[in-house]
Amino acid sequence: MKLKLGRPLYSAESLAAGALALGTRAQVFVSESKAAFSVEIKPAAKTSPAGLLALGGEFLNEALNHEYRQRVVRANAPLTQAVFAPLFAKGFPAVPADPLEELEPQVKADRARDLAELLAQARSMK
Amino acid sequence: MSKLTAFERPPKARPGAAAPHQFRLLGKKVLITDEHGRWALLTRSEYDRFVAGIGPEDPLWPVLQPRGFLAGAFDFDAAARRQFERSLLSWKGPGSHALLLDGMDLDGARRTVEFVFSCPGPQLTLELIFDDADAVWPVVWFIVQYARRKGEWSRRPVFLIARARTMSPDQADFLRSHGVTRCADLALDGKPDMSKAPAFRAQRARARLGPGAAEPAAWARWLEKWGFESARLLPASLDEKGAAAFASFHSGFLGWLLEHGEESNLRDEWVLGLLGGRLWNLPGMDVLEQLAYDGAGRVYTSEAAAGDAELALGSVSTLRYQDLPRLPATGAVIAASHPDNQPLCAQCAYRPFCAVPPSINKNYQGSVWGQTPSSAACSVQMGIMDRILESLNDEKCLNLLNKWSVDMV
């Protein structure tokens, strides 16, 4: 199946997203000129004309969806960046070690014994 | 075809009159929401007046001004506070941890509980998921005991849920006496047999609809009769047909709850999750709300992601919570879950309440982003929101939501 897609609407990234959606079911070959991309979709297995049309449809759906989503992402970037940047900048700090266990080695030892007893009891249930 | 709604005759809007908002046509009403989850349900003529500009003498003014819908009387401080409270800026960590116990041994269970307790957050929920309690009972017993102790030691509230198809009365008693909520995995098909009890006594139901599920009101009565306090219905399949059948069934189910809300203790978990109004409260939202752990000790972005190598985060033996933001899967699911990054969602009136977990998108549409226009999961959630929000002006509905502790500001 051969398609010709206008450059102002489709980007190379959107075609890559379309190809990714097809996965191992087809090979996608792309060449480009100033005004358009030429795309050839070669199914991995023998496919009926309807199946080929469906593959092409899936490719175009994902390519168009990707292109539009990128526009939405760019349009809303000032809002989402204000939320995501601090979220990832501060990282995901884990819960610090229990100060009681740090200060009182006996607490840590008691808890370890408690855990060992629980495990032994659970093992004896088998 | 868009799932959004549009006016046949767009109203004449005066720039600077209405504050930013989204609208949705629900029957003859116009629902408006802002990005913080404030809402109003207006008639068409009220909406036309609102966007044309109203003054303090207008009866709509006292309704819309305190909710922040009037540009000229916008409270920026209140909006900033709400933005902080409801956005990811105040996210504290995943609160829900799904432990898939089939195949898990005791050492794996210990490591999994320890990983869960390394996650921050004011409270933790551990959902133990298994088929038959007999097959995994020592692991269930151990996790309940160990998680309770870890909760005491870390001085954090811990909620335990055991979700199963079957368990014996003794096992159910043990769980009840240790404060574990029992959740029954049910399959609803055909009409209910009112005299047939579920496999065990449980407070919660996770009920997958069969292709022939009928009479939602009767099923609601059945759940009520057998002591369930809440139910989460699931579609038979996530395709166009499954979504349509689910919407119809769930609408009937909610209709019964709205009608019998005063006397019934049954709650709908979809409504509770969606109207929580925070991305990290939406059940199953990858990383933000949930992490999942399988029997082999692998950590996944959510229960729906279990088994998907691309959404695997590591092993409980070696992964540290603080490593999560550096993993590509974490960044991908968080970016994909945010409605502002999704076509349709970014313009949708339900944006403050709703999002489809990226792992669901991946399962049914092949990528974490999915394709919103053709997403059956999106249709299911929009159908639920339509059904409940179209009733928001009804006192019965507001009383019910109030009883369920849903804060509809």
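Residues numbered from 1 in each chain as written. Chains lettered and ligands numbered in written order. Predicted model: local features only at pLDDT ≥ 70, side-chain atom pairs only at ≥ 80, totals over all residues.

A. Spatial organisation of the sheet that holds strand S2 (residues 26–32) of chain A. Residue and element names in this part refer to chain A. Read from one edge to the other, the open sheet built from three strands follows the order S1-S3-S2, with strand pairing classed as antiparallel. Strand pairing shows two members of the sheet lacking a second neighbour, strand S1 (2–6) and S2, which therefore form its edges. Between one strand axis and the next, the sheet turns by 25 degrees as a mean value, whatever way the strands run. Pairing between S2 and strand S3 (residues 36–43): seven bridges, direction antiparallel. In the sheet register, Val 28 faces S3, and the bridge partner there is Ile 41. Strand contacts of helix H1 (residues 12–22): S2 and S3, with the helix running at about 165 degrees to S2, the strand carrying the most contacts. Sitting on the sheet, helix H2 (residues 49–89) touches S1, S2 and S3, and the angle it makes with S3 is about 135 degrees. (Pairing = 2+ DSSP bridges. Helix = DSSP H or I, 4+ residues; strand = E, 2+ residues; numbered from the N terminus. Axes fitted to C-alpha atoms, helices over the stretch in contact; angles between N-to-C directions. Contact = placed C-beta atoms within 7 Å.)

B. Local environment of the domain arrangement of chain B. Each domain of chain B was delimited in the assignment, giving domain 1 (22–86) and domain 2 (93–281). Once you take the C-alpha centre of each, domain 1 of chain B and domain 2 of chain B turn out to be 36 Å apart. (Domains from an automatic or database assignment.)

C. Spotlight on the interface of chain B and chain A. Of the residues lining the interface, 34 residues belong to chain B; the matching set on chain A comes to 29 residues. When contributions to the side of chain B that touches chain A are tallied by element, the ones reaching two or more residues are helix H4 (106–118) and helix H5 (133–154) of chain B. Top element by residues in the side of chain B that touches chain A is H5 of chain B. It accounts for nine residues. Along the lines of polarity and charge, the residues of the side of chain B that touches chain A split into 18 nonpolar, 12 polar and four charged. (Nonpolar A, V, L, I, M, F, W, Y, C, P; charged D, E, K, R; others polar.)

D. Just the domain arrangement of chain A, in detail. The domain boundaries assigned to chain A delineate domain 1 (2–89) and domain 2 (94–126). One C-alpha centre belongs to domain 1 of chain A, the other to domain 2 of chain A, and the line joining them spans 53 Å.

E. Up close: the sheet that holds strand S3 (residues 39–43) of chain B. Residue and element names in this part refer to chain B. The three strands lie next to each other as S1-S2-S3, forming an open sheet whose pairing is antiparallel. Unpaired on one side and paired on the other, strand S1 (22–26) and S3 mark the two borders of the sheet. Each strand of the sheet is rotated relative to its neighbour by a mean of 25 degrees, with strand direction disregarded. Examined bridge by bridge, S1 and strand S2 (residues 29–33) share five bridges and lie antiparallel to one another. Opposite Gln 22, over in S2, you have Thr 33 as the bridge partner.

F. Broad picture of the pairing of S1 of chain A. Residue and element names in this part refer to chain A. Of all the five residues making up S1, zero are buried; the element is thus mostly uncovered. One ladder, built from five bridges, connects S1 with S3; its direction is antiparallel. Across the sheet, the residue bridging to Leu 3 is Val 39, located in S3. (Buried ≥ 20, exposed ≤ 12 C-beta atoms within 10 Å, placed from the backbone.)

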